[in-house]
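For reference, the chains in residue letters:
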Amino acid sequence: MAAPTVFSDSYVVAKRNIIKIKRVPDLLVFTTLSPIMFVLLFAYVFGGAIDVPGGADADAYREFLMAGIFAQTVIFGATITGAGLAEDIKKGIIDRFRSLPMAPSAVLTGRTISDVANNILVLIVMSLTGLLVGWGIHSSVAEAALGFLLLLIFSYSISWIMAWLGMLVPSVEVFNNATFIVIFPLTFVANTFVPLETLPAPLQTFAEWNPVSAVTQASRELFGNIPEGVPTPDAWPLQHSVVYTLIWSAIFIIVFVPLANLQYQRSTSR
Amino acid sequence: MADAITAQGLVKRYKTVTALDGVDLAVPTGSVLGLLGPNGAGKTTIVRILTTLLQPDAGSATVAGVDVLTRPRDVRRRIGLSGQYAAVDEYLTGFENLDMIGRLYHLGAKRSRARARELLASFRLEDAADRPSKTYSGGMRRRLDLAGALVADPPIIFLDEPTTGLDPRGRTEMWEVIQNLVAGGTTLLLTTQYLEEADLLADDIVVIDHGRIIAQGTADQLKMQVGGERLELTVRDPVTLLRARDLLEPLGVGKAALDEGRRTLLMPISGGAQVLTEALRVLDDAQIGIDDVGLRRPTLDDVFLSLTGHASEEQDAGPEESPPPPPAEPTGPGRHAAAAHESSTGGA
């Protein structure tokens, strides 16, 4: 139907979800405190034990670490969409939305857009924490902005997978467990927290092609967190990390936007 | 007048269950239809099809003259739905909930705000308007949810078990609200598990079981079919039971059924408490001692027993949720006076 209603309806739904971030203390804690905790834990607990290319001290690790934590956290941020939809279905709120003459896609668009808003907030909090523990951006403003943008685009495409999944599973609990089981290995078997060279061979190959590694590598480069003279790994995805990240984001969007919309049309409270 | 809601031959099947097995409906404009049945009977499935949430496997339906299957969005402009579980966002305030719904009906910012305030006032939620609805009582949430269905002032409203799970007070309040709504000329389709509720609110009642319509008519017609009011009496001494029957039968409107083992007599009557008083006097004069006596009015159970031969509690694996506890209604239609025992006999 008319395009303007998609935008205004999505805005109304997004606003509802953003009010929720404000009102639900758990969500606020999850979104702000846990990233801070992650930065501090990794910087101070693991920092001294992990050698990274270009330096063996804790400062070098902090430079290395931040892009990895950014990537992991925005991916977890994308799960809010799925959990939120699973809950809305259970409570009959999706029934209510579906009985209204609104644009059908607006619920999902509004929902995924609020994940972006949430992730922006998270990135700000984490960046400030990072700056406090000795991380820094050593590139241009434009490059840094591109780095953040890439993280947001990637996580937005993940939000659509989560939207589809959240409407498919029978409950919020199942959704949370399922995503945890997948996201945890996916974000750890990568270059997020340790250099790829330290992984055993089969895992290393997986990690090289893991899109999480690409988005991490790309942000590291764009923030200027890779010391002079450290070579980029040979794997194609890491040589072309920005393009590789965008390819995956596009695939996720192309596949999961229609799937999620189809699933939405079928969803009724259980 | 034209029918506001029509349905022909609705069929819906889930993997192993046939939720709807050919349902026809016609609800005249401005009237109230009560869809009565136990859990899993198919009530919610009907509401979901008519409100465009679910596609039937066969059949057709119109709402406000608009085809539900081919023009769902035009149907949505003309209906309000309030579901089985108060579908309010508990983190939003009452005002924010209604304002959001107004905007999604595309009323515009100004009208949405005004309408939200107006509805909050008329549903006695003004004081709680700016509190997150998480803090509301069950009854308040239901009222807010119902208000949500009325935001765009739609001509046709669907209420799916509007009082299930409410305490007696919340139930009574909800009934008042619905009665006011109906007085304004809105067409209403209401599902309920309670005969009393259908009796009070609906012009016509459709009884549904296992996805089929098993009876249809006004509350009075249905009760007549079930057998109306009955006198139930337990004598102290079993040998007096026959004599009691002979004395009481002239007061009733049909033959009395005896259960010798339980020393119980069950007899259809009309005239309620007066007959009860008279019966007690007659038995007293004859010096027949009684342990227990009461009036029994038909309940949903009786309707089901007489129409289907099985009790309404008998569950099947329908798509609907597990049953809420039955209402503990002090003024309910069940047993009056002193009778507090169970009777499993359906009719005289």
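Going by the structure above, here's the rest.
Since this is a predicted model, take the numbers as computed values, not measurements.

Enquirer: Residues and numbers for the packing of helix α6 (residues 106-132) of chain A against helix α7 (residues 141-168) of chain A, please.
Expert: All names here are of chain A. At a minimum axis separation of 9 Å, α6 and α7 run at an interaxial angle of 140°. Judged on the interaxial angle alone, α7 and α6 are oblique. In terms of crossing hand, the pair formed by α6 and α7 is right-handed. Residues Leu-108, Arg-111, Thr-112, Asp-115, Val-116, Asn-119 and Leu-123 of α6 form the contact with α7, whose own contacting residues are Phe-148, Leu-151, Leu-152, Ser-155, Tyr-156, Ser-159, Trp-160 and Ala-163. Of the residues contributing to the contact of α6 with α7, the split by class is nine nonpolar, four polar and two charged.

Enquirer: Now, about the environment of Thr-79 of chain A: what can you tell me, with residues and values included?
Expert: Residues and elements named next belong to chain A. Relative to the helices and strands, Thr-79 is located in helix α4 (residues 79-90). Considered as a pair, Thr-79 and Gly-134 are 55 residues apart in the sequence and their alpha carbons are 29 Å apart. Look past the residues within four positions of Thr-79 in its chain and what remains in contact with it is Met-162 and Thr-179.

Enquirer: Before we move on, could you go through the sheet that holds strand β13 (residues 264-268) of chain B and cite the residues and values that matter?
Expert: Residue and element names in this part refer to chain B. Taken in spatial order, the four strands make up an open sheet running β12-β13-β11-β14, and their pairing is antiparallel. If you trace the sheet from one side to the other, it starts and ends with β12 (257-259) and β14 (290-296), each paired once. Across the sheet, the mean angle separating the axes of adjacent strands is 15° when strand polarity is ignored. Two strands pair when backbone bridges link them, and β12 and β13 are joined in this way by three bridges, in the antiparallel orientation. Opposite Ala-257, over in β13, you have Leu-266 as the bridge partner. Packed on one face of the sheet, helix α9 (residues 241-248) meets β11 (230-235), β12 and β13 and runs near 15° to β13.

Enquirer: So what's going on with the interface of chain A and chain B? Which residues, and what values?
Expert: Across the contact, 21 residues belong to chain A and 26 residues belong to chain B. Counting only elements with at least two residues in the side of chain A that touches chain B, the list comes to α1 (3-23) and α5 (93-98) of chain A. Ranked by residues supplied to the side of chain A that touches chain B, first place goes to α1 of chain A with seven residues. Looking at the side of chain A that touches chain B residue by residue, the class counts come to eight nonpolar, five polar and eight charged.

Enquirer: A description of the packing of α4 of chain A against helix α8 (residues 172-188) of chain A should follow, citing residues and the corresponding values.
Expert: Residue and element names in this part refer to chain A. In contact at an axis separation of 8 Å, α4 and α8 are set at 160° when each is read in the N-to-C sense. As judged from the angle between their axes, α4 and α8 are roughly antiparallel. Our pair here, α4 against α8, has a crossing hand that is right-handed. In contact with Thr-79, Gly-82, Ala-83, Ala-86 and Glu-87 of α4, α8 contributes Val-172, Phe-175, Asn-176 and Thr-179.

Enquirer: Before we move on, could you go through the sheet that holds strand β10 (residues 212-217) of chain B and cite the residues and values that matter?
Expert: All names here are of chain B. With mixed pairing, six strands are arranged side by side in an open sheet as β6-β7-β8-β3-β9-β10. In this open sheet, the two strands that pair with only one neighbour each are β6 (79-82) and β10. Direction aside, the axes of adjacent strands within the sheet are offset by 15° on average. Inspection of the sheet shows strand β3 (residues 32-36) paired to strand β8 (residues 187-192) by five bridges, in the parallel sense. Considered in β8, the bridge of Leu-33 is made with Leu-189.

How each quantity is defined
Residues numbered from 1 in each chain as written. Chains lettered and ligands numbered in written order. Predicted model: local features only at pLDDT ≥ 70, side-chain atom pairs only at ≥ 80, totals over all residues. Axes fitted to C-alpha atoms, helices over the stretch in contact; angles between N-to-C directions. Helix = DSSP H or I, 4+ residues; strand = E, 2+ residues; numbered from the N terminus. Parallel < 35°, antiparallel > 145°, perpendicular 65-115°, else oblique. Left-handed = near helix turned anticlockwise from the far one by under 90°. Contact = placed C-beta atoms within 7 Å. Nonpolar A, V, L, I, M, F, W, Y, C, P; charged D, E, K, R; others polar. Pairing = 2+ DSSP bridges.

Any functional reading would require information that these geometric values do not contain.
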